[in-house]
Amino acid sequence: MNQRVVEAINRQINSELSASYSYLGMSTWCERQKFVGAARWLRLQSQEEHMHAMKLLDFLLARDCDVQLRAIQAPQSPFASLLDVFERALEQEQDVSQQIDSLYETAFNEKAFAAVAELQWFLTEQVEEEKTGREIVTKLQRIGNDQPALLEMDRELGSRTGSTPAPATT
Ligand SMILES: [Fe+2]
Ligand SMILES: [Fe+2]
């Protein structure tokens, strides 16, 4: 596969792992604030991001390409509120969407069609991720400082059942 595409996918693996690490940091903060539902939601999200990284990594391996694992940025903390956590989560997803778009563009321009097909799933996934993030942020904005509503929201987040596995590459 074209070297520019391989390089770009390697960067995306790093970015998905950074997102995973960042969600883990958010989960830890929530747990310590006794928002255990949000902590659970964020830990599952962290696992999902890890699976995204593995999906891209397996794709590179399946294509017999060079995998380069790089340093992962330390996550930001602490947070001001539950709303602050999810606002940053949404920002992170918006950044990832842009990265996926430009990765797709690179693969397309370099006529790396197998990569284009692989990345299709990520484009759809990002639409879903941003939608979910926006819904949570909006709810938390409405809730504001209403403690019972905040507890109810935490319970709702805690009902998340599991992370959706990304379909395998091969
Ligand atoms: Fe992701
Ligand atoms: Fe994500």
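Scroll up for the structure.
Cut-offs used in this document
- In every chain, residue numbers begin from 1 and rise along the written sequence.
- Written order decides the labels, with chains lettered from A and ligands numbered from 1.
- Note on the predicted model: pLDDT of at least 70 is required for a residue's local features to be given, and 80 or more for side-chain atom pairs to be given and counted; whole-chain, interface and lining totals, by contrast, use all residues.
- Side-chain numbers here rest on the full set of heavy atoms in the structure, without hydrogens or water.
- Note that water is not among the atoms used; donors are N, O and S atoms within 2.8 Å of the metal (3.2 Å for Na, K and Ca), so sites may look incomplete.
- In this text, helices come from DSSP runs of H or I with a minimum length of four residues, and strands from runs of E with a minimum of two, each type numbered from the N-terminal end.
- For the exposure calls, accessible area comes from a 1.4 Å probe over protein chains only, and a residue counts as buried if that area is under 20% of its type's maximum, exposed if over 50%, partly exposed in between.
- What counts as a ring pair is set by centres within 6.5 Å for rings of Phe, Tyr and Trp (its six-membered ring), and what kind of pair is set by the plane angle: stacked under 30 degrees, edge-to-face over 60, tilted for all other angles.
- Positive charge is attributed to Lys and Arg, negative charge to Asp and Glu, and no charge count is given to His or to the chain ends.
- Whenever a carboxyl oxygen of Asp or Glu lies within 4 Å of a side-chain nitrogen of Lys or Arg, that contact is scored as a salt bridge.
- Two residues form a contact once any of their heavy atoms are found within 4.5 Å.

S.K.: Please explain the coordination of the iron ion (ligand 2) as it appears in this structure.
M.R.: Under ideal tetrahedral coordination, the four donors around a metal are separated by 109.5 degrees; under ideal octahedral coordination, the six donors are separated by 90 or 180 degrees. Listed as protein donors to the iron ion (ligand 2) are E49 (OE), E93 (OE), E93 (OE) and E129 (OE); their distances from the metal cover 2.0 to 2.5 Å. The motif formed by the donor residues of the iron ion (ligand 2), counted along the single chain, is E-x43-E-x35-E. The distance between the iron ion (ligand 2) and the iron ion (ligand 1) comes to 3.4 Å, and E49 binds to both of them. Placement of the pair is E49 in helix α2 (residues 36-62) and E129 in helix α4 (residues 113-143), with a sequence separation of 80 residues. Comparing E49 with E129, the two get one shared label, buried.

S.K.: Honestly, the packing of aromatic side chains in this entry has me stumped. Any pointers?
M.R.: Note on aromatic pairs: each is described by the distance of the centres and the angle between the planes. Scanning all chains against the criterion turns up 3 aromatic pairs. Aromatic pair W29 and F79: ring centres 5.7 Å apart, planes at 70°, arrangement edge-to-face. With a gap of 50 residues between them, W29 in helix α1 (residues 3-32) and F79 in the loop between α2 and α3 (82-109) connect regions that are remote in the sequence. Given a relative accessible area of 13%, W29 falls into the buried group. For F79, a relative accessible area of 8% puts it in the buried group.

S.K.: Before we go on, may I ask you to explain the side chain of E49 in this structure?
M.R.: This buried residue, E49, is left without a salt bridge; R160 holds the nearest opposite charge, at 7.9 Å. Ignoring any residue separated from it by four or fewer positions in sequence, one finds E49 in contact with E16, A19, S20, Y23, E93 and E129.

S.K.: Could you clarify how one ought to interpret unusual backbone geometry in this entry?
M.R.: It is generally the case that most residues other than glycine have a negative phi and that most peptide bonds are trans. Residue S77 is joined to P78 through a cis peptide bond whose omega torsion reads -5°. For P78, the location among the structural elements is in the loop between α2 and α3. Of note in this structure, K34 is not a glycine but carries a positive phi near 65°. For D64, which is not glycine, the phi dihedral falls at a positive 60°. Its relative accessible area of 72% is what places D64 among the exposed residues.

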